[in-house]
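The primary structure of each chain is shown beneath.
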Amino acid sequence: MAEAGHLALTRRAFFTSAGVLGAGAGAVLVGAAPARARGRRWRDVPEPEIHGTDDWGARQPTSPVALAGNDPDKIIVHHTAFANTADSGTSGSYPVAREIQDLHMDTNGWIDSGQHFTVSRSGVVMEGRHRSLERLRAGSDMVVAAHTVGQNTQSIGIENNGTYTSVAPPQELYTSLVDLCAYVCGQYGLSPQEIYGHRDFNATECPGDRLYAMLPQLRGDVAARM
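All of the points below concern the structure found in this document. (Residues numbered from 1 in each chain as written. Predicted model: local features only at pLDDT ≥ 70, side-chain atom pairs only at ≥ 80, totals over all residues. Heavy atoms only, no water.)

Across the sheet, which stays open at both edges, the six strands sit in the order E1-E4-E3-E5-E2-E6 with mixed pairing between neighbours. Only two strands of the sheet have a single neighbouring strand rather than two, namely strand E1 (50-51) and strand E6 (195-197). Strand direction decides the pairing type here: strand E2 (residues 74-79) and strand E5 (residues 155-160), joined by six bridges, are parallel. Bridging from a neighbouring strand, His78 pairs with Glu159 of E5. Most of the contacts of helix H2 (residues 89-107) go to strand E4 (residues 125-127), to which it runs at about 35°, and overall it touches E1, strand E3 (117-119) and E4. On the sheet, helix H4 (residues 171-188) packs against E1, E2, E3, E4, E5 and E6 and is oriented at approximately 170° with respect to E5. (Pairing = 2+ DSSP bridges. Helix = DSSP H or I, 4+ residues; strand = E, 2+ residues; numbered from the N terminus. Contact = heavy atoms within 4.5 Å. Axes fitted to C-alpha atoms, helices over the stretch in contact; angles between N-to-C directions.)

So, about unusual backbone geometry. For the peptide bond that leads from Cys206 to Pro207, omega is 10°, which places it in the cis range. Mapped onto the fold, Pro207 is located in the loop between E6 and helix H5 (209-213). For Ala81, which is not a glycine, the phi torsion comes out positive at approximately 65°. At Asp141, a position not held by glycine, the phi torsion is positive, near 65°. Mapped onto the fold, Asp141 is located in the loop between helix H3 (132-138) and E5.

Grouped burial of nonpolar side chains is what soluble globular proteins tend to show. In terms of nonpolar packing, the biggest core is built from 33 residues, with Ile75, Leu218 and Val222 touching the most fellow members. Secondary-structure elements contributing two or more residues to this core are E2, E3, H3, E5, H4, H5 and helix H6 (215-225). Element by element, the count of residues in this core is highest for H4, at 11 residues. With six residues, the next largest nonpolar core counts Trp56, Ala58, Val124 and Met126 among its residues. (Core = buried A, V, L, I, M, F, W, Y, C linked by side-chain atoms within 4.5 Å. Buried < 20%, exposed > 50% of the residue type's maximum accessible area, 1.4 Å probe, protein only.)

In this structure the tally under the stated criterion is eight salt bridges. Ionic pairing is found between Glu47 and Arg137, a salt bridge with its closest N-O pair at 2.9 Å. Here the residue Glu47 occupies a position in the loop between helix H1 (13-18) and E1, and Arg137 occupies one in helix H3, the gap between them amounting to 90 residues. Residue class for Glu47 comes out partly exposed when judged on its relative accessible area of 34%. Assessed through its relative accessible area of 45%, Arg137 is described here as partly exposed. Residue Arg131 pairs with Glu134 through a salt bridge whose shortest N-O separation is 2.7 Å. Residue Arg131 is classed as partly exposed on the basis of its relative accessible area, which comes to 32%. (Salt bridge = Lys/Arg side-chain N within 4 Å of Asp/Glu carboxyl O.)

The next thing to look at is the packing of H4 against H6. Viewed as axis vectors pointing N to C, H4 and H6 meet at an angle of 60°, and their least axial separation amounts to 9 Å. In terms of axis orientation, H4 runs oblique to H6. Seen along the crossing, H4 lies across H6 with a hand that is right-handed. Between H4, through Tyr174, Leu177, Val178, Asp179, Cys181, Ala182 and Cys185, and H6, the contact on the second element is made entirely by Gln217, Leu218, Asp221, Val222 and Arg225. (Parallel < 35°, antiparallel > 145°, perpendicular 65-115°, else oblique. Left-handed = near helix turned anticlockwise from the far one by under 90°.)

Written out as structure tokens, the structure reads:
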């Protein structure tokens, strides 16, 4: 099955709901950060610890990943809709990245993981699709992904492990998400206002009601971090 930017039906709500194609974005909440022109660099933001695909034992893509030929203009936040179980440290977090990749490649028929980055419940940040970290560190161009229909050549997709419909993410996850978003914004010259949820673009419950309601706080915290 060719990559279409949506997720195949599985037992997990996230992958089920993401497969429904939505035509338009929902209302976008405005964060506390002042608007800045795209392409303008913020002050340098330290790179958080990001574990590459080699670290967590990723399979090789079935074909070379493509570059979009442009910088991203936004970040899109997701949740995996996996059970909210402990994934402490790298020993518990790496299997989550492998499970996502296996699902995307073996069930969805994609070439690789669909998202650019993954944050575990214990706050471990991992590269998703190959070469995403390379391009982020360079601060130019981006890998074509498969996390949000209509946005895969212009947005950085971040998966957050767990289900955040009725509970908030752990503080460790949220802190790492702030650090990662701040670094992405700094490297690509994005305003924190350009942080959205998956449901803003597709008909899906992702990233869960509780995490989605935290996006204004996330934008403000990312702006403060920068």
